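# Coordinate analysis (summary)
If you want the building blocks of each chain, they are given just below.
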Amino acid sequence: MSFSSRAAAALLAATTLAGAHPALAQGFAADSEADAATAAAPDEAENAPARTDAADEPVEVSIPGDSIIVTGRRDRNLAKSSDQVVSVLSSAEIARTGEGNIAGALSRVTGLSVVGSGLVYVRGLGDRYSLALLNGSPLPSPEPLRRVVPLDLFPSGVIASSLVQKSYSVNFPGEFGGGVINLTTKAVPQDPFLTVGMGASVDSETTGQFGYTYRGGGNSDWLGFDDGTRNIPAPLAEYFASGANLNNPNEVSAAQNRAIAGSLVNFRNAVVQKVGNMPANFSASSSGGTAFDIGDGLRLGVIAAAGYSNKFQTREALQQSSLSADLQTLESSFRQVNTNQQVVVNGLFGLGAEFGEHRVRWTNLFIRDTIKQARLAIGNRQQTDVDFLQQRTTWIERQLFDSQVVGEFKLAPDLALDVRGTYARTQRDAPFELSMEYVRTNEPTDPFGNIFVNRLNNGARGDAEITFSALRETLWSGGVDLTYRPADFLSTTFGGYYAITDRTSSRRNFLFVAPNNFPGGVDTFRPDYLLQPSVINAFGITLIEGDTGNPAFRARLENVAGYVKANWAIADTISLDAGVRFEHARQQVDPVRVFTTPIASDAGTFLARDYWLPAATLTWEIRTGMQVRLSGSKTVARPQFRELIFQRYFDPESNRPYLGNPLLVDSQLLNGEARFEWYFAPEQRVSVAGFVKQIEKPIEAFISGIDLTTSFANAPKARLYGAETELVKYFDTAPLLGEGAFWATRRFVTVVNYTFTQSRLSVSASDSVPVYGAASSIGTDYFRDGDPLTGQSDHIANLQLGLEDTERVSQQTILLTYASDRVVSRGLNGSPRQPDVIERPGLRLDFVAREALDFLGLPIEMKFEARNLTGRRHEEFQQSGDNRVDVNTYRLGRVFSLGVSATF
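Conventions and cut-offs
- Numbering of residues starts from 1 in each chain and follows the order in which that chain's sequence is written.
- Owing to the predicted nature of the model, reporting of local features is limited to residues with pLDDT of at least 70; listing and counting of side-chain atom pairs is limited to 80 or more, with chain, interface and lining totals taken over all residues.
- With hydrogens and water excluded, all non-hydrogen atoms of the structure serve as input to the side-chain values.
- Secondary structure is summarised from DSSP: a helix means a run of H or I of at least four residues, a strand means a run of E of at least two, and numbering begins at the N terminus for each.
- For the exposure calls, accessible area comes from a 1.4 Å probe over protein chains only, and a residue counts as buried if that area is under 20% of its type's maximum, exposed if over 50%, partly exposed in between.
- Residue contacts are defined here by distance: any two heavy atoms, one from each residue, within 4.5 Å place the two residues in contact.
- Areas reported here follow the Shrake-Rupley algorithm with a probe of radius 1.4 Å; residue values treat only the protein chains shown as occluding.
- Here the rule is simple: two strands pair whenever DSSP picks up at least two bridges between them.
- Geometry is summarised by axes, namely lines fitted to C-alpha atoms with helices restricted to the contacting stretch, and by angles between N-to-C directions that run from 0 to 180 degrees.
- Within this document, salt bridges are pairs made up of a side-chain nitrogen of Lys or Arg and a carboxyl oxygen of Asp or Glu, the two lying within 4 Å of each other.
- To count toward a patch, a residue needs a relative accessible area over 30% and no salt bridge; like charges are then connected within 9 Å, while nonpolar side chains (Val, Leu, Ile, Met, Phe, Trp, Tyr) are connected within 5 Å.
- In this scheme Phe, Tyr and Trp rings, the latter by its six-membered ring, pair at centre separations within 6.5 Å, and the angle between planes marks the pair as stacked below 30 degrees, edge-to-face above 60, and tilted otherwise.
- When the NZ atom of lysine or the CZ atom of arginine is within 6 Å of a ring's centre and also within 35 degrees of its normal, the charge is said to sit over that ring.
- Remark: nonpolar core denotes a set of buried residues (Ala, Val, Leu, Ile, Met, Phe, Trp, Tyr, Cys) joined through side-chain atoms within 4.5 Å.

### Focus: the overall build of the protein chain
Helices and strands together make up the secondary structure of the protein chain, namely eleven helices and 44 strands. Looking at the protein chain as a whole, 56% of its 904 residues qualify as buried. Pairs at least 24 apart in sequence give 73% of the contacts found in the protein chain among residues at least 6 apart. Approximately 34700 Å² of the protein chain is accessible, and the part contributed by carbon and sulfur atoms is 57%.

Set out below in structure tokens:
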């Protein structure tokens, strides 16, 4: 295929993917920083499978005002026409998976897996090596330990499509290891529409079973918004503003201390209540839009969408830990019952304008994800008969707001300008994280031996602590791309990019302490009575701040970049996409002084590096529909903000402390890939690829200390390699099952992919691994030679088998997902070191059915889902011979859901 026909095919693929209204689509900007936005799918694809009769029909493309008429072929397959290695999830494919958030849908893509809460791993490389974009622009993160936004934050209802690019091209930022994931929001429609839907689901481990909750914010918690109950109380707010140190009696008087302590705990946040029958889950959504002409040359469009979901999940987990290398003895063993109520509220508003050959779009996205958690656990430590009863109540708010403006301007027949700007803000608030521990000695000689007591001594006889944490991150970014086509076989693009990310994060932790003469009997009170103002004042309970070192920090990452790339049709069947990117990045993390009198060092961490990042992809079309790609590139991976500050942080999710390392440096990656693709029929393909990545100074976690602190260091080297294959095949049912009316328009769907990945660290005793404040810098004291990278599964496989109608919505799909064991955390350092913590994802079986119906002349769609039919468990464990420690193991429920939507 010549460059002219190839360019026309790409353009036509984009306009087809954008539906009948390419001018108002969410964006095809060839050879620009927003290339990934080309994946915008047609709105009608949500209501029917992709058509197969539109591919490869000859068409003519005429550009108004240009005397040149380019003849090409209509190619709906963006993966085929792209100059890079891409996988596209259209709205139809997302709907086929039935997943409620985009992270779940992406887990069906070749080489992708989801680890933890929405962290997408590409070809075995962790979230730090993946780049997440929204409509081609970067995203801030609401997560304390990461700069990457978890993709389970994005409901499927606001995403039109997702593009995964696994080969690097210089129009993207250089932090690209495994791949880039670009989410494209829904586009402005051509015709007016209004869709309203709702759904309900049940979980076999939660719905109708007992669970826990607490009063919290009262009547508004179900909306995901606090009613003001969780506002910082006045005595604590005054303390925060004063800059005083609670632990210094010369700065905070005993009366002030007791006033603060007495304002923190009450019935609403401290009393866990049992719910006999947990309710079902509920969701609702609506979307609508229209477009209209103003005068002769201006067309405007608008789209709006809103969604709400309220979901409950109860988990009964076994959580154990061991400090011995052979795991022979247990340090702790707890049975924990944890109930989460997750409320997600989202909204989308977009405007689009087309005038002549120019387009401007303004898109605004709001997502709020709130978790209300009540947790009880009972267990023992050091294999004694002493019982410990733990309670935790938590309220976590995560919120994202993103506003983008994109303009695409045709300056001349051979000259195009694309500009974009983004403001985005994320926040995370977790006020009143209350943790209590009561102790029962079971000693016959102890008068209270059979009663749980809390002596408030933060030791072996119980404790109480409360935490307030907050995170704010803002991101401003902008880019400009100028594309010039001096000849029909050559295209050149010059681009500039600027982004600045600012984050402030704080975690203030307080412990309640009773004097030694604290009387027995009072220590048996339930939490709200134990820590009520009258008891605090009567018995001299005081409050101390747990971390007065550096409880807050401020971070900034500034990235200034420019690039040049060219697409050259060397011959009719060979094209080369190559370029180079220059990046100047400055990353700084500094402690924030919260006390007037300095307690810890104010020294921060500053990294400044310049990089030249080349990339090239060669595509050879062996024959029509069959092609080979070769690609190579250099990219980088930067440390996360919190990893760079020597500040202790306790993560309530993993129940472990973390400590940063200011001596971390950037990782550098060399990437290579060879790929064969055969598009043997419309919308059908088979592909085989091999890939390799050499990583200099990869950032890996290690565990140390009796409190199992997780810290980070640059391992000397790592190598990752593997292969992947994919097959998409449709079978017409009529030749197989007859020409009856039912089978005439139906087809069988087969989608299967498999990825094999291997990785290993290269470490020797002669390698130096700098760790701030550590006595040793010997590489083998922190890492083992040959260990795999964390999060990498050797085998990942997906299978979709379905039956669908090609003319209307009627789909029945079986989905199988398998991932082999993977390391999620290192074992405790020592001589010898403990085995690593392994997660066993295993096999998961789902079923999704969608059916369009006519109800009194109103078109409606019904959807039924059955998830985790195999009853797969979540398992995280350590294994040494016959000794096994279950770090976090629990049953996952089978989930059944039913939804209905109507279009007006």
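### Focus on the sheet that holds strand β41 (residues 876–880)
Read across the open sheet, the four strands follow the order β36-β37-β41-β42; overall the sheet is antiparallel. One side of each edge strand has no neighbouring strand; the edge strands of this open sheet are β36 (822–825) and β42 (883–886). Averaged over neighbouring strand pairs, the angle between their axes works out to 40° when direction is ignored.

### Describing the pattern of salt bridges
Applying the stated rule across the entire model yields 59 salt bridges. The closest approach of N and O atoms between Glu205 and Arg891, which form a salt bridge, is 3.4 Å. One end of the pair, Glu205, is in the loop between β10 (193–203) and β11 (211–213); the other, Arg891, is in strand β43 (residues 889–891), with 686 residues separating them in the sequence. Judged by its relative accessible area of 25%, Glu205 falls in the partly exposed class. Arg891 sits in the partly exposed class, given a relative accessible area of 47%. In this structure, the salt-bridge partner of Arg784 is Asp836, at a minimum N-O distance of 3.9 Å. Pair noted here: Arg784 is in the loop between β33 (746–762) and β34 (795–805) and Asp836 is in the loop between β36 and β37 (837–839), with a separation of 52 residues, a long-range link. Exposure remark for Arg784: the relative accessible area of 31% places this residue in the partly exposed category. Linked by salt bridges that have partners in common, Glu99, Arg108, Arg844, Asp846, Lys863, Glu865 and Arg867 make up one network.

### A short note on a nonpolar patch on the surface
Residues Phe489, Trp568, Ile570, Leu618 and Leu630 make up a contiguous nonpolar surface patch of about 440 Å² in total accessible area. Here Leu630 is to be found in strand β25 (residues 626–637). When its relative accessible area of 45% is taken as the criterion, Leu630 is described as partly exposed.

### Notes on the environment of Leu898
Looking at where Leu898 falls in the secondary structure, it is placed in strand β44 (residues 895–903). Residue Leu898 is classed as partly exposed on the basis of its relative accessible area of 48%. Residues Leu898 and Met862, 36 residues apart in the sequence, show an inter-C-alpha distance of 7.4 Å. With near-sequence residues (within four places) excluded, Leu898 lies in contact with Met198, Gly199, Ala200, Met862, Lys863 and Phe864.

### Notes on the packing of aromatic side chains
In total, this model carries 19 aromatic pairs according to the counting rule given. Taking 5.7 Å as the distance between ring centres and 80° as the angle between the ring planes, the aromatic pair formed by Phe210 and Tyr212 counts as edge-to-face. A residue is classified by how much of its surface remains accessible, and Tyr212, at 16% relative accessible area, is buried. Ring centres of Phe702 and Tyr782 lie 4.9 Å apart, and the angle between their planes is 65°; this geometry places the pair in the edge-to-face category. Of this pair, Phe702 sits in strand β30 (residues 699–704) while Tyr782 sits in the loop between β33 and β34; the two residues are 80 residues apart in sequence, bridging distant segments of the chain. With respect to burial, Phe702 and Tyr782 carry one shared label: buried. By way of ring pairs, the aromatic residues Tyr239, Phe240, Phe432, Phe468 and Phe510 are connected into one cluster. Over the ring of Phe210 we find Lys274; its NZ or CZ atom is 5.0 Å from the centre of that ring. Its end group placed over the ring of Phe225, Arg368 keeps NZ or CZ at 4.1 Å from the ring centre.

### Section: the nonpolar core
Within soluble globular proteins, side chains that are nonpolar generally end up buried alongside one another. Within the largest apolar cluster, 33 residues are counted, with the highest numbers of intra-cluster contacts made by Tyr239, Leu456, Phe512, Leu531 and Ile541. Looking at this core, the elements that each hand over two or more residues are α5 (234–242), α6 (254–262), β18 (415–440), β19 (463–487), β20 (490–513) and α9 (533–539). The element best represented in this core is β18, accounting for four residues. Ignoring any residue separated from it by four or fewer positions in sequence, one finds Leu531 in contact with Ala261, Val265, Met436, Leu456, Ala464, Phe512, Ile536 and Ile541. Formed by 28 residues, the second largest nonpolar core is a distinct cluster that contains Leu89, Leu134, Leu139 and Ile367.

### Some details on α6
Residues of α6 that are buried include every one of Asn257, Ile260, Ala261 and Gly262, and no others. In this structure, the buried side of α6 is in contact with α5, β20, α9 and β21 (542–545).

### Focus on the pairing of β10
Alignment of β10 against strand β13 (residues 281–294), held across nine bridges, turns out to be antiparallel. Residue pairing for β13: Ala200 is matched across the bridge by Phe282. One ladder, built from nine bridges, connects β10 with β44; its direction is antiparallel. Pairing of Thr195 across the sheet is with Thr903, part of β44.

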